[in-house]
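Here are the chains, one letter per residue:
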Amino acid sequence: MILQALAEHYQRLVEEENSGVAPPGYSPAKVSHVVLLDESGNLVDIRNIAVTKGKKQLPKVLLVPQQVSRTSGVVANILCDSVAYVLGIERNKQGAVQGAVTKQAEFKTKNSAFLAEIENVGAQAVSHFLDAWSPEAALAHPLVMEKLEELLAGSNVVFKLDGIPGYIHESSAVREAWASREAGEESEIQGQCLVSGDVLPLARIHPLIKGIAGAQTSGAAVVSFNIDSFTSYGKSQSYNAPVSQKAAFAYGTALNYLLASTTNKVRIANMVMVFWGDRKGSRQEEATLAWSLNPVADDGDEEGDETSREIDRSAARQAEIILKNVKAGLPVHELDFDGDTRCYLLGLAPNAARLSVRFWQVSTFGEMIGEIAQHYRDLEIAGMERSGGWIAPWRLLKALAVQEDTGNIPPLLEGQLVKSIVSGQPYPRTLYNLALNRCRTGGEHGGVTMIRAAVIKACLLRQYRSQHEFEKEAMISVSLEEDKPTNTARELGRLFALLEKVQRDAQGQLNANIRDKFFASASATPRAVFPLLLRLSQYHIKKSKYGKSIDNKIQKISSRLNEFPAYLNLEEQGQFILGYYHQREFGNYANNEKNQAEGNGEQNE
């Protein structure tokens, strides 16, 4: 299903104007320099064609004859390759410039054989150039020496005939010769393709997929076999999963295109998600989904994937409006958004030399945006407006990781979280347990924060909703509602927040307050902790400026408690943390309101 959907998307991309997707037999390559030749094959100039973007020099992306997957050994490409292969110069491990004799010889042999029968001025010019060129000639040529540093720092190199528009590999004669060669190199093994169902030449090796952080830089395969135990019925390598060369090229090209896109991927920790619609012209829908999965990206964090920042500003504004409308229960049909378009969402993560499929979701854009909006409604909590009103999934996971290091996120959690978000299923239990542990932990990266409290709130809401416990669900609120029915665990959390506040008012900032010493035990075994804390609070109330007011609140909450429970289960501990967070936020809000009122009074005077 995954490969079939990608192959179908490739056909749509080919039919779409200016998509830049590679036709069969070609692949996109980053090109930084052009070798300019005359008709006799003499080197006329070496031109830098990199594009300046801000302070960076970015290579041009050109469609060139299909490049080989170079994991090890010396293998050359046709009419487009690195400086080491084309000109025969490279740096050794010590950083010194030297001749790349073996690589340049391989490039010369392979390209000379391909160009020999092509009756084209440009092709013959390259052939003459290769006959006369050598690494020794490169190290002595003034043009090469003049641009040595930028050549070695650049990407691939292509050829151009002086005075003739276009590159030599783009000429009709070269394209026809390349098509004939590709047809002649088809696999002799044929079989029924699992993707199309047709009997076609089968792919022995599937294309490598690039752009997944943590995978091999040369690319990793979605389908591959390299151990004898994987073989069956005498079939080796990818013949075990019969996919035609045509279908393999199509799905590989489409997937690499999506990973190179700025609107069709989002990175969450160690996982990359790609998504696409099943019709041409679904850019707005794709941009809306990209922004929804990564709203308000943080420029200062590498985990804040650049996707949202590179979405067109007008498209990003439109996406935010759509998500806000859906979140508020308003229709979006008047906007340029087709919610009935089918959407495919694929999560990939590195796994040695292969890619691991973390999840696969098929839905419509409307349903998926609706589920994402519900996710943000479940997360909504007091204080979130200080963070822009949205918590992107990568920020959520980072807040729950040990020392807030994304490298400490448990394996598979990213895929499980996104699966829950886009399908509306309960969140993984691991997420809830991580939030509890991080709230109970002290230190620099521990404690109850807005994001951790929001995660606990969302997890409890999903749990109650899935179990049809609607009374419990109704008790979960965005902020403190003192008159709303509550439970013992929530009231204990509020009580602890008040005891912490009165201590802070009486003694100021301490190296270790009751929160650092007793929060974990108070949230798990209240009976063993709260009597002691209430006795200590009497000393703090006497010293506190607002002690009497806080004492009244403590008495009010205490009157609702028949007794202190011996222990609280995990669900009740989450309720405790929510009560603590809501009371603390309510106190901060009340203080801000009071300070603002006092400020206004001074101005009036």
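Along each chain, residues carry numbers from 1 onward, in the same order as the chain's sequence is written. Restriction of local features to residues with pLDDT of at least 70 applies here, the model being predicted, together with a cutoff of 80 or more for giving and counting side-chain atom pairs; totals for whole chains, interfaces and linings are based on all residues. Hydrogens and waters are ignored; side-chain quantities use all the structure's heavy atoms.

**Some details on the environment of T263**
Note the cut-off: Per the convention used, a helix needs a DSSP run of H or I reaching at least four residues, while a strand needs a run of E reaching at least two, with both numbered from the N terminus. Summary of the burial criterion: residues with accessible area below 20% of their type's maximum are buried, those above 50% are exposed, and those between are partly exposed, where the area comes from a 1.4 Å probe applied to protein chains only. Pairs of N or O atoms are called polar contacts if they sit within 3.5 Å, as long as, within protein, a hydrogen donor faces a hydrogen acceptor (for residues adjacent in sequence, only side-chain-to-side-chain pairs).
By the element assignment, T263 lies in the loop between α9 (245-260) and β12 (265-268). According to the relative accessible area criterion, T263 is buried, its value standing at 16%. With 12 residues separating them in the primary sequence, T263 and F275 have C-alpha atoms 8.9 Å apart. Within the structure, the side chain of T263 is placed 3.1 Å from the side chain of N264, a separation counted as a polar contact.

**So, helix α10 (residues 283-293)**
The buried count for α10 comes to 10 of 11 residues, which makes it a mostly enclosed element. Within the span of α10, buried status applies to Q284, E285, E286, A287, T288, L289, A290, W291, S292 and L293.

**Here's the deal with the pattern of salt bridges**
As a reminder of what qualifies: A pair is scored as a salt bridge if a Lys or Arg side-chain nitrogen falls within 4 Å of a carboxyl oxygen belonging to Asp or Glu.
Throughout the structure, instances matching the rule amount to 23 salt bridges. Salt-bridge contacts for R283 lead to E16; the nearest nitrogen and oxygen are separated by 3.0 Å. You can see R283 sitting in helix α10 and its partner E16 sitting in the loop between α1 (2-15) and β1 (26-37), a full 267 residues away along the chain. The partly exposed category is assigned to R283, whose relative accessible area is 36%. Look at E16 and you get partly exposed, because its relative accessible area is 21%. Here the salt bridges share partners, and the residues they tie into one network are D378, R462, R465 and E473.

**Comments concerning the pairing of strand β15 (residues 354-364)**
Put simply, the rule is: For two strands to pair, DSSP has to find at least two bridges joining them.
Strand direction decides the pairing type here: strand β14 (residues 342-351) and β15, joined by 10 bridges, are antiparallel. Looking across to β15, one finds that L346 is bridged to W360. Linking β14 back to β15 in an antiparallel pair, the connection comprises 2 residues, with A352 at a positive phi of about 60°.

**Details of a nonpolar patch on the surface**
Counted only if it meets this: Patch membership requires over 30% relative accessible area and the absence of a salt bridge. Like charges are linked within 9 Å, and nonpolar side chains (Val, Leu, Ile, Met, Phe, Trp, Tyr) within 5 Å. Exposure was quantified through the Shrake-Rupley algorithm and a 1.4 Å probe, taking into account, for residues, occlusion by the shown protein chains and nothing else.
Judged by side-chain polarity, V97, L139 and M145 come together as a nonpolar surface patch covering roughly 200 Å² of accessible area. Here M145 is to be found in helix α6 (residues 142-146). Take M145: its relative accessible area is 34%, and that puts it in the partly exposed class.

**With respect to the packing of helix α19 (residues 488-507) against helix α21 (residues 526-543)**
The line we're drawing: To get an axis, fit a line to the C-alpha atoms, keeping to the stretch in contact for a helix; angles then go from 0 to 180 degrees between the N-to-C directions. Helix crossings are classified by the rotation of the near helix relative to the far one: an anticlockwise turn of less than a right angle makes the crossing left-handed, while a clockwise turn makes it right-handed. Note on definitions: a residue-residue contact is assigned when non-hydrogen atoms from the two residues lie within 4.5 Å. The nonpolar class holds Ala, Val, Leu, Ile, Met, Phe, Trp, Tyr, Cys and Pro. Asp, Glu, Lys and Arg form the charged class, and all remaining residues, Gly among them, are polar.
Across the interface, α19 lies against α21 with an axial gap of 9 Å and an inter-helix angle of 35°. Like other packed secondary-structure pairs, α19 and α21 cross with a definite hand, here left-handed. Of the residues in α21, those touching α19 at L492, L495, F496, L499, V502, Q503, A506 and Q507 are P526, F530, L533, L534, S537, H540, I541 and K543. Looking at the contact of α19 with α21 residue by residue, the class counts come to 11 nonpolar, 4 polar and 1 charged.

**A short note on helix α22 (residues 547-559)**
Quick reminder: α-helices carry 3.6 residues per turn. Residues three or four places apart thus point the same way. Stated precisely, the cut-off is as follows: Any helix carries an expected span of 1.5 Å times its number of residues minus one. Arc, as used here, means the arc of the directions from the helix axis to the C-beta atoms.
Along its 13 residues, α22 runs 18 Å from first to last C-alpha, staying within 8% of the 18 Å computed at 1.5 Å per residue. Turning to α22, its buried residues are G547, I550, D551, I554 and I557. Take α22 and look down its axis: the buried residues cluster within an arc of 125°, on one side only. For α22, the exposed residues lying more than 90 degrees away from the buried face are K548 and S559. The inward-facing, buried residues of α22 abut α19 and α21.

**Digging into the sheet that holds β15**
A sheet is described by the order of its strands in space; here 4 strands give the open sequence β12-β13-β14-β15, paired in antiparallel fashion. Each end of this open sheet is capped by a strand with a single partner; those strands are β12 and β15. Each adjacent strand pair in this sheet contributes to an overall mean axis angle of 20°, direction not counted. Bridge analysis of strand β13 (residues 271-277) against β14 gives 6 bridges, and the strand direction is antiparallel. Bridge assignment links F275 to a residue of β14, and that residue is L345. Where α1 meets the sheet, its contacts fall on β13, β14 and β15, and the angle it forms with β13 comes to roughly 55°. With respect to the sheet, α9 is in contact with β12, β13 and β14, its orientation differing from that of β13 by roughly 110°.

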